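Inside the fold
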Amino acid sequence: ADVELEFDVFGDGTVDYTQSIPTAHWEPVSYLVSIAPPYNGIKFRLSKHGAGHAVLAEITAKTHKKEDCTGAPVALPPRPDGAWCVAQGDCASGVCDGIALPLNPSPVCSACVDDNGCSPGSVCGIDDAVPSWLVPYRACIPAASRALGELCKEDAECASGVCNQTCSTCNDMGHACAGGEACKPASQEFPAPNGYKYYSVPTFECAPGTHARATGETCLRSDDCASNSCVGTGETKTCIDVFGAGDGRACASDLDCPEGNTLTHGPCVAIGITGGTCQ
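Report follows, based on the coordinates. These numbers come from a predicted model, not from an experiment.

1. Topic: the overall build of the protein chain
Across its full length, the protein chain holds 0 helices and 17 strands. For the protein chain, the proportion of its 279 residues judged to be buried stands at 40%. Entry remark: accessible area of the protein chain is about 14,900 Å², with carbon and sulfur atoms responsible for 53%. Side-chain charges of the protein chain comprise 16 positive and 34 negative groups, with the mean position of each set lying 4 Å from the other.

Here it is, written out as C-alpha cells:
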C-alpha cells in the first residue's frame, strides 16, 4: 500500500499539497509546510492506494512560527468566494472586497462590489450560506430577501428596507424613528455556561422590547408588540459571538458557525422571528 498526505486549503475540494508517507516502522515522521497567508483553514486527508494495509497513529497538525518555515510556500490557486484575500488577483472572481462586516474586518473574495454588477431584481448584498471555515461575502441576491436581524450591507437587500449592520427598522442614515422613539439595539444577551453571556450582532429597532408596535407593524420578538404576539414564518437564527467563534451569519445549527481557538463551533441561537408582524 502507498499512503499520501494531502492538504486541501480552503476546503474547496482542490488538493494543494501532496506528500508520500514512507514506511517508518513506528518512527515519527513529520513535515513542515509553508502556506502563503491569508487562508481560511485546511482539510487534511490521508489517502491509501493499493490492496495492502497501512497503520498510522498519533496524527496531529500544529502551527509553527513563520521563521520556522524557510522553504518556498505552497502555491495556491485563486481563492473561492468567502476566503480572505489581499489583492484582486488572489480571488477566482477577481474581486477582493473590503466589506468590513461586524467581527470580520478582513477583505474577502466576493462576487460583486455594488449593484451595477447584478441583474435587475438583484442587489449586491451579503451571502452567508458558506461553510463554517469561510466568511460571508458580497454576492448578487434577490432584493428585500434578508430578514430582520440578518447581516447586510445596504438597505435594498433587507425586507425591512433598512440596513444598520443587520437588517433593522431604523438607522441614522435617513431612517429615523417617529414620535420621539429612540433607535436602539434589541436585547443581545444570551446565557452561556459558567455565568458568561453570548452576544449577537445588534439589530436596531424603534423602542425595542417596549410593546410599542401596533397590530400589523414589523416586529423582531413578541415583546415589541402591544399584543405581546409577534408571528412570522419561523425563527431567525444567527451565529453568536463567544470567544471569537461567531460572526452573525445565518445558521441552522452550531455546525454552521465558525470555530474558536478550541476548535469548538460557536452557538447558533434564535434571535427573533422571521418576517414577524404584530398580531
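So much for the structure itself; the text now carries on.
2. Overview of the nonpolar core
Among the nonpolar cores identified, the biggest contains 15 residues, and Phe7, Tyr17, Val33, Ile35, Val74 and Tyr137 are the most heavily contacted of them. Broken down by secondary-structure element, the contributors of at least two residues to this core are strand E1 (2-9) and strand E7 (137-142). In contact with Ile35, not counting residues within four places along its chain, are Phe7, Val9, Ile42, Pro73, Val74 and Leu76. With 7 residues, the next largest nonpolar core counts Ala192, Tyr198, Ile240 and Val242 among its residues.

3. Things to note about the packing of aromatic side chains
This model, assessed by the stated rule, comprises 2 aromatic pairs. Arranged with centres 4.9 Å apart and planes meeting at 50°, the rings of Phe7 and Tyr17 form a pair that is tilted. Here the residue Phe7 occupies a position in strand E1, and Tyr17 occupies one in strand E2 (residues 17-21), the gap between them amounting to 10 residues. The pair Phe7 / Tyr17 is uniform in exposure class, with both members buried. Where Phe7 meets Phe44, the ring centres are 5.0 Å apart and the plane angle is 90°; that geometry is what we call edge-to-face.

4. Side note on unusual backbone geometry
In this model, Pro37 is joined to Pro38 through a cis peptide bond whose omega is -5°. Of note, Pro38 is situated in the loop between E2 and strand E3 (42-49). Located in the positive-phi region is Glu58, a residue other than glycine, with phi close to 55°. The exposure class assigned to Glu58 is exposed, which follows from its relative accessible area of 78%. A positive phi angle is found at His211, which is not glycine, with a value near 60°. By the element assignment, His211 lies in the loop between strand E13 (204-206) and strand E14 (230-231).

5. Quick notes on a nonpolar patch on the surface
Taken together, the side chains of Leu46, Leu56 and Ile59 define a hydrophobic patch exposed on the protein surface, amounting to about 260 Å² of accessible area. Summarising the element assignment, Ile59 is placed in the loop between E3 and strand E4 (96-97). Residue class for Ile59 comes out exposed when judged on its relative accessible area of 55%.

6. Quick word on the environment of Val74
When you line up the elements, Val74 lands in the loop between E3 and E4. Separated by 39 residues in sequence, Val74 and Ile35 place their C-alpha atoms 5.1 Å apart. Not counting residues up to four positions away in its chain, the partners in contact with Val74 are Asp16, Tyr17, Val33, Ser34, Ile35 and Ala36.

7. Observations regarding the pattern of salt bridges
A full pass over the atoms with the stated rule returns 7 salt bridges. We note a salt bridge from Glu217 to Arg213, for which the minimum N-O separation is 3.3 Å. Across the pair Asp247 and Arg249 runs a salt bridge, and its minimum N-O distance is 2.8 Å. When salt bridges with common partners are traced through the structure, they connect Asp128, Arg146 and Glu150 into a single cluster.

Definitions and limits used
Residues numbered from 1 in each chain as written. Predicted model: local features only at pLDDT ≥ 70, side-chain atom pairs only at ≥ 80, totals over all residues. Heavy atoms only, no water. Helix = DSSP H or I, 4+ residues; strand = E, 2+ residues; numbered from the N terminus. Buried < 20%, exposed > 50% of the residue type's maximum accessible area, 1.4 Å probe, protein only. Areas by Shrake-Rupley, 256 points an atom, 1.4 Å probe, with all protein chains shown as cover. Lys, Arg positive; Asp, Glu negative; His and termini not counted. Charge placed at Lys NZ, Arg CZ, Asp CG, Glu CD. Core = buried A, V, L, I, M, F, W, Y, C linked by side-chain atoms within 4.5 Å. Contact = heavy atoms within 4.5 Å. Phe/Tyr/Trp six-rings, centres within 6.5 Å; stacked < 30°, edge-to-face > 60°. Patch = residues over 30% accessible without salt bridge, like charges linked within 9 Å, V, L, I, M, F, W, Y side chains within 5 Å. Salt bridge = Lys/Arg side-chain N within 4 Å of Asp/Glu carboxyl O.

These values are about where atoms sit, not about what they do.
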